[in-house]
Amino acid sequence: MRAETPTLRPRLAIAAALACVGAFASMLAMPAGHAAPEPEAQAPIGLPQGYTRWTHVKSGLIPAGHPAFASYGGLHHIYANETALAGYRKGEFADGSVLAYDLFETRTTPDGSIDQGPRRHVDVMVKDARRYAATGGWGYAEFAAGASQDRLSQPQRAGCAACHEHRKAQGYVFSELQD
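All values derive from a computational prediction rather than experimental measurement. The numbers attached to residues start from 1 for each chain and follow its sequence in the written order. In keeping with the predicted nature of the model, local features appear solely for residues at pLDDT of at least 70, side-chain atom pairs appear and are counted solely at 80 or more, and the whole-chain, interface and lining totals rest on all residues. Only hydrogens and water are removed before side-chain values are computed, so all heavy atoms of the structure are retained for them.

Among the nonpolar cores identified, the biggest contains 19 residues, and Tyr88, Leu99, Trp138, Tyr140 and Val173 are the most heavily contacted of them. Secondary structure elements follow DSSP: runs of H or I of four or more residues count as helices, runs of E of two or more count as strands, with numbering from the N terminus. By residue number, the principal contributor to this core is strand 3 (residues 98–108), which donates three residues. If near-sequence neighbours (up to four positions away) are discounted, leucine 99 is found in contact with Tyr79, Ala80, Ala84, Tyr88, Asp123, Val124, Met125, Trp138 and Val173. The next biggest cluster of nonpolar side chains, apart from the first, holds 11 residues, and it includes Ala100, Val126, Tyr132 and Ala141. Put simply, buried Ala, Val, Leu, Ile, Met, Phe, Trp, Tyr and Cys residues joined by side-chain atoms within 4.5 Å make one nonpolar core. The cut-offs for exposure are 20% and 50% of the maximum accessible area for each residue type, with area from a 1.4 Å probe on protein chains only; residues under the lower value are buried, those over the upper are exposed, and the others partly exposed. A contact between two residues is defined here by any heavy atoms of the two lying within 4.5 Å.

Secondary-structure assignment places glutamine 156 in helix 4 (residues 154–164). A C-alpha to C-alpha distance of 9.1 Å links glutamine 156 and tyrosine 140, two positions 16 residues apart in sequence.

On to the sheet that holds strand 3. Strand order in the open sheet formed by five strands is 1-2-3-4-5, and the pairing between neighbours is antiparallel. Across the chains shown, the open sheet's two edge strands, defined by having one partner strand only, are strand 1 (55–62) and strand 5 (138–144). On average, each strand axis in the sheet is tilted by 20° relative to the strand beside it, whichever way the strands run. Should DSSP find at least two bridges between two strands, the strands are taken to pair. Sheet topology note: the strand 2 (residues 74–80)/strand 3 ladder contains six bridges and is antiparallel. Looking at the pairing, isoleucine 78 lines up with tyrosine 101 of strand 3. Contacting strand 1, strand 2 and strand 3, helix 3 (residues 82–90) crosses the sheet at an angle of about 95° to strand 2. Only the stretch in contact is used when fitting a helix axis, every axis being a line fitted to C-alpha atoms; angles between N-to-C directions are given from 0 to 180 degrees. The sheet strands contacting helix 4 are strand 4 (114–127) and strand 5, and the helix crosses strand 5 at an angle near 125°.

Structure (structure tokens):
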């Protein structure tokens, strides 16, 4: 295996994200009776309070014209609690790790710069190897802007898990801690 260059990393992350969006879209398009198997129903994941005060892992922009724009277009910030932060550093995420993906619309200001707009949604990953054994130890949730109740269906959660399966070697996590 050859070493990864720093300029190749963003391309690999984008390719992995596109694979995820494609896998999710194909799941939604599956005819009745042909859907991916649903994981067992789990107790709901709550929106973590104060996640914006956790460690900021990174930010990114998915611009108009990008294949993932309809669902994930805009400016996103990724936050990690202390347990997840240790997981990034060790390369292995322990139970209790929580990641929050905070997605905002963007808007162009009169001077032509791009600014953060209203929140679109918050995605959350919670590591609990026993509770989420069927999905690599991670549970998934998504909260609409201003909502405190997870809006994902069981098939959508299965889509999240299927997408993140491509990152098994990285602990099922797409983001990497920036130095």
